[in-house]
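Each chain, letter by letter, is given below.
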Amino acid sequence: MQLTVWTYEGPPHVGAMRVATAMRGIHYVLHSPQGDTYADLLFTMIERTAQRPPVTYTTFQARDLGGDTAGLLQSAVRDAYDRFKPDAILVGSSCTAELLQDDPGGLARALHLPIPVIALELPSYQKKENWGAAETFYQLVRAAASRAAPPAGFRREPRAAGDAPSCNILGPTALGFRHRDDLRAVEEILAGLGITVNVVAPLGATFADLARLGEADFNVVLYPETGAQAARWLARTFDQPSIKTVPIGSRATRDFIAEVAQAAGIDATPHLQSVTSRAEWYSRSVDSTYLTGKRVVVFGDATHAAAAARIASEELGFSVVGLGTYSREFAREIRETAERYGVAAFITDDYLEVEAKIAELQPDLVLGTQMERHIAKRLRTPCAVISSPVHVQDFPARYSPQMGFEGANVLFDTWVHPLMMGLEEHLLTMFRGDFEFNDAAPASHLGTAHASAPPSASQLPPSADSRAPVFGGVMGTAPVLETGPSWAPEAEKELGKIPFFVRGKARRNTERFALERSLGLITLETLYDAKAHFSR
Amino acid sequence: MSACSPDLRLTSERGQREVFCGLTGIVWLHRKIQDAFFLVVGSRTCAHLIQSAAGVMIFAEPRFATAIIEERDLAGLADANAELDRIVDQLLARRPDIKLLFLVGSCPSEVIKLDLSRAATRLSARFCPRVRVLNYSGSGIETTFTQGEDACLAAMVPTLPSRAPELPPNLLIVGTLADVVEDQIRRVLDAMGVTEVGFFPPRRAQDLPQVGGQTRILLAQPFLADTARALEQRGAGYIRAPFPIGADGTLRWLKAAADAFGVDEGTFREATQAPYRRAQHAVARYREPLAGRRIFFFPDSQLEVPLARFLAAELGMQLIEVGTPYLHRSHLADELALLPPGTSLVEGQDVERQLDRCYAAAPDLVVCGLGLANPLESRGITTKWSIELVFTPIQGFDQAGDLAELFARPLIRRTRLVA
């Protein structure tokens, strides 16, 4: 057993739902107890899909267990076929049904429906959501494209002169982190290069589209977590190479274009010369000098975490002080990436471990998931969200890709805005000694009364910025996690006069200073001793 | 056809049920009992459900978690009981503030027949007196949504202290209410001279109310069949009443308590008149947007019948279909009697057929779960999320207007947005 407070990924059948919901004309019959239908609201509430996910749940109850759960599954499959008339049907078990060992695939096939029936074996007690999505997509691709498969050992002929190169785009699913917008960004790049997109899958594809996958010259895998397994089979079967670079960040986008051009046998130089990236210029502008060496911790799925580390380091001049992922399937890749930044990767899906790691590393910025956003909030550290698990905020109304040059612009804004404006930080340092412009003086436009000073950390409300994505706001306040030294009232009050964006750091530094000197109580003196100690 | 009243049309339905399982109750129970921890013994799906239900609102390390069963537990490579002990040790070491720990059974733990009651006894003995360990099942194969609270409270009943027979009779109000609602109710009861009042569940595990032969229980929620039975077995008398939903519902509910405690008519009227008038006034503001509008309920929390009664009687809405996961005939007897003749009640669910009926009826407002709400809205059907009716304080006089507003808001919104 594993003690779990929050999970980064759902069970594998939720991954299967992400594939089924992304596609058109597919229906998924899930053998599952009452209650598993909660998964519908992930799609209808978080992604705000206008249709219910194409899923029928058998919703068996205790009284069915002694009876005929197999019969229940068969009638659910038959009813789903009659009602929805899908082109293909997926059948599988959720965690509880797996224990019943009803063999949903065999039972569904015994109905002799006039459409393909694809049985999914998703071991719920071993695997998780992304694995489930990848496996489901792979099974669908095999089922659809096998008939068009050439004999083993097939070698792809060079493209006929005059034919436009073509590719498939693999990986985008429902409930994916900016998949909708990334797809548009990548399609624009490919169009700019004169490359035809043969099939995009799973998002928006039909079963018949999957049967045509072998017609493309190569595959673009946007998200290896969901698309790599199918791409490997396509590479073996149709001799289709896969593009390895994921175009997140300006530099990765340039690499991606070069790799695509090579696979397509075209010259990308004119295209690369025509593109401009605002993010690249902004990062070179003087206001960005304050970004230099900011310490960042990166955590997310493997693809987004690796990409974020590269952007942080190469494009923004940050220092990557921590890199981790919950994607155990990609542990090796992330370890290799982390070595490049001289840090040891942390591979874990234990939220408490991630929290401890971030607290230990004391970064200036956290690039993480919604979970790390909450950790950062508690540690009063700026944070930007870079990866699933998704939240309603990760489906913005506007076009907001992560990929391509526009994606790089989005990332620049998203990561830099939580940090304080550069000019403000310079001024604070420059005028540190000024009697009106020191850390302890209230803002001049607010008068001199203490009442107008910003509230101290301990007076701040627990958090007001998030909505309950699903249910009402019933959560309470945070208990204080640290068991460090306590604050004398006058020191606490003084801390409150420090501008809020450096207050968290001042508090942590002071507490560390006190802890290292075994001071149980932080007085006004301790606060300023610590300030002197840490000031550079 | 109805077994409860010849005037109602009652049908039962079986098919796909689009409802939560009982684990969801943890979302509000852990906020109510502030020193309790809920440890689900289940799968990744269970953890994902509660997380999705609670929202990813991590202000604090929550007072619930999941002990996720893994392959090696199923294969017998690990002794499930030893594993559970290890996890409870780990948990209680982290959280010295916890006084009451619930081991919550799930679908997988029930199917593999993991005996959580023995585990609870064993762990209770080990951690006594610092922590009491209880167990209940919130599994979807046995419980539907709010039944999880019923199972939780029923598990607590044997731990309630006995009330000495020589003590005066006491009133026990049963079912989770918001603290603010409890305080309001206590004030009205005080004014009637009913002062021996306890609430169950309590806000803190140490403040368990007493129960005995002199105890009278008044249900604040309609989904507490097992809890009521367990309390009756401890000698408590059941007060038959409708539920405290709406101005009239609250008045009748309080009247049932007043009668059980021999409060005279004048005292009762004096204690309730002002808040009752205030509630009527607050509700009346929403008659205009709601009267005559046609409403359709999908099954969710078992609150559907009292809510439908309120909307029909106090706001003049027309009930097209009242779906409910389960209909407790005797606890709802007074409610059913107050429904308009001919009301169509559907117990259980076949979601696809119910959607067909809903589309055909084209109601003005649909009360449904979150999986259905946006898909219905996208077809131009106005909805009210049923879950909000469980998490928002809606009981009592001073919430009656707020409750009416929850139904009026989606309709008003639709008229505001320019087509």
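Preceding this section is the structure that the text describes.
These numbers were taken from a predicted model, which means no experiment stands behind them.

Asks: Got a minute to help me understand unusual backbone geometry in this structure?
Replies: Among all residues save glycine, negative phi is the norm, and among peptide bonds the norm is trans. Residue and element names in this part refer to chain A. Put simply, A201 and P202 share a cis peptide bond, and its omega is 0°. For P202, the location among the structural elements is in the loop between β7 (196-201) and α9 (207-211). In the segment running from S388 into P389, the intervening peptide bond is cis, with an omega of 5°. Along the polypeptide, P389 turns up in the loop between β14 (383-385) and α18 (404-416). Even without a glycine there, the phi angle at K85 is positive, about 45°. Looking at where K85 falls in the secondary structure, it is placed in the loop between α4 (69-84) and β4 (88-93).

Asks: Would you take a moment to explain the sheet that holds strand β9 (residues 242-243) of chain A for this structure?
Replies: Backbone-to-backbone hydrogen bonds pair the strands of a sheet. The strands run either parallel or antiparallel. All names here are of chain A. Sheet architecture is open: four strands sit in the order β7-β6-β8-β9, paired in parallel fashion. The open sheet has two edge strands with one neighbour each: β7 and β9. In this sheet, strand β8 (residues 218-221) lies alongside strand β6 (residues 166-170) in parallel orientation, the contact comprising four bridges. Of the residues in β8, the one forming a bridge with N168 is N219.

Asks: Can you walk me through the sheet that holds β14(A) in this structure?
Replies: Residue and element names in this part refer to chain A. Read across the sheet, five strands follow the order β12-β11-β10-β13-β14 without closing on themselves; strand pairing throughout is parallel. Whereas interior strands pair on both sides, the edge strands pair on one side only; in this sheet they are β12 (346-347) and β14. In terms of strand pairing, strand β10 (residues 295-300) meets strand β11 (residues 319-325) through six bridges, oriented parallel. Across the sheet, residue V297 finds its bridge partner in β11, namely G322. Taken strand by strand, helix α14 (residues 302-315) contacts β10, β11 and β13 (365-368), and its axis lies near 165° from that of β10.

Asks: Sorry, what's going on with the pairing of strand β7 (residues 197-200) of chain B here?
Replies: The side chains of a regular strand alternate between both faces of the sheet. Residue and element names in this part refer to chain B. Note that strand β6 (residues 170-174) and β7 share four bridges and pair parallel. Residue pairing across strands places L171 opposite V197, the latter belonging to β7. Note that the unit made of β6, helix α8 (residues 179-192) and β7 has a crossover that is right-handed.

Asks: Help me understand the packing of helix α2 (residues 39-46) of chain A against helix α16 (residues 370-378) of chain B in this model?
Replies: Helix-helix packing: each pair is described by the crossing angle between the helix axes and the interaxial distance. Relative orientation of the contacting elements α2(A) and α16(B) amounts to 40°, with a least axis distance of 7 Å. Between α2(A) and α16(B), the angle falls in the class oblique. Between α2(A) and α16(B) the crossing geometry is left-handed. When α2(A) is examined against α16(B), the residues D40(A), L41(A), T44(A) and M45(A) are found in contact with a partner set consisting of L370(B), G371(B), A373(B), N374(B) and P375(B). In terms of residue class, the contact of α2(A) with α16(B) is built from five nonpolar, three polar and one charged.

Asks: Explain the interface of chain A and chain B here, please?
Replies: The extent of an interface is frequently quoted as the accessible surface area lost upon association of the parts. With 60 residues of chain A in contact, the opposing surface of chain B contributes 61 residues. Secondary structure elements with two or more residues in the side of chain A that touches chain B: β1 (2-4), α2, β3 (55-57), α3 (62-65), α5 (95-100) and α17 (370-379) of chain A. Of the residues in the side of chain A that touches chain B, the class split is 29 nonpolar, 25 polar and six charged. Where β1(A) meets strand β3 (residues 64-68) of chain B, three bridges bridge the pair, whose relative direction is antiparallel. By the bridge assignment, L3(A) is partnered in β3(B) with A67(B).

Asks: Explain the environment of S277(A) here, please?
Replies: All names here are of chain A. Mapped onto the secondary structure, S277 falls in the loop between α12 (269-274) and α13 (278-284). Look at S277 and you get buried, because 21 C-beta atoms sit within 10 Å. Spatially, the C-alpha atom of S277 lies 5.7 Å from that of F405, the residues being 128 residues apart in sequence. Not counting the four nearest positions on each side in its chain, S277 is found in contact with S250, F405 and A408.

Definitions and limits used
- Per chain, the residues get numbers from 1 upward, laid out in the order the sequence is written.
- Written order decides the labels, with chains lettered from A and ligands numbered from 1.
- Only residues with pLDDT of 70 or above have their local features reported here, since the model is predicted, and side-chain atom pairs are shown and tallied only from 80 upward, although totals for entire chains, interfaces and linings are computed over all residues.
- Helix and strand definitions follow DSSP, with helices as H or I runs of at least four residues and strands as E runs of at least two, each counted in order from the N terminus.
- In this description, strands pair whenever DSSP reports at least two bridges between them.
- Here the contact rule is simple: place C-beta atoms from the backbone, and any two residues whose C-beta atoms are within 7 Å are in contact.
- Orientation is described by lines fitted to C-alpha atoms, with helices fitted over the stretch in contact, and by angles between N-to-C directions that extend from 0 to 180 degrees.
- With the strands pointing away from the viewer, any crossover whose connection runs clockwise from the first strand over the helix to the second is right-handed.
- By definition in this entry, angles of less than 35 degrees are roughly parallel, angles greater than 145 are roughly antiparallel, angles of 65 to 115 are roughly perpendicular, and the rest are oblique.
- Definitions for this section: a left-handed crossing has its near helix turned counterclockwise from the far helix by less than a right angle. A right-handed crossing has that turn clockwise.
- Only Asp, Glu, Lys and Arg are considered charged in this grouping, and only Ala, Val, Leu, Ile, Met, Phe, Trp, Tyr, Cys and Pro are considered nonpolar; every other residue, Gly among them, is considered polar.
- Using C-beta atoms placed from the backbone, we call a residue buried if 20 or more other C-beta atoms fall within 10 Å of its own, exposed if 12 or fewer do, and partly exposed for counts in between.

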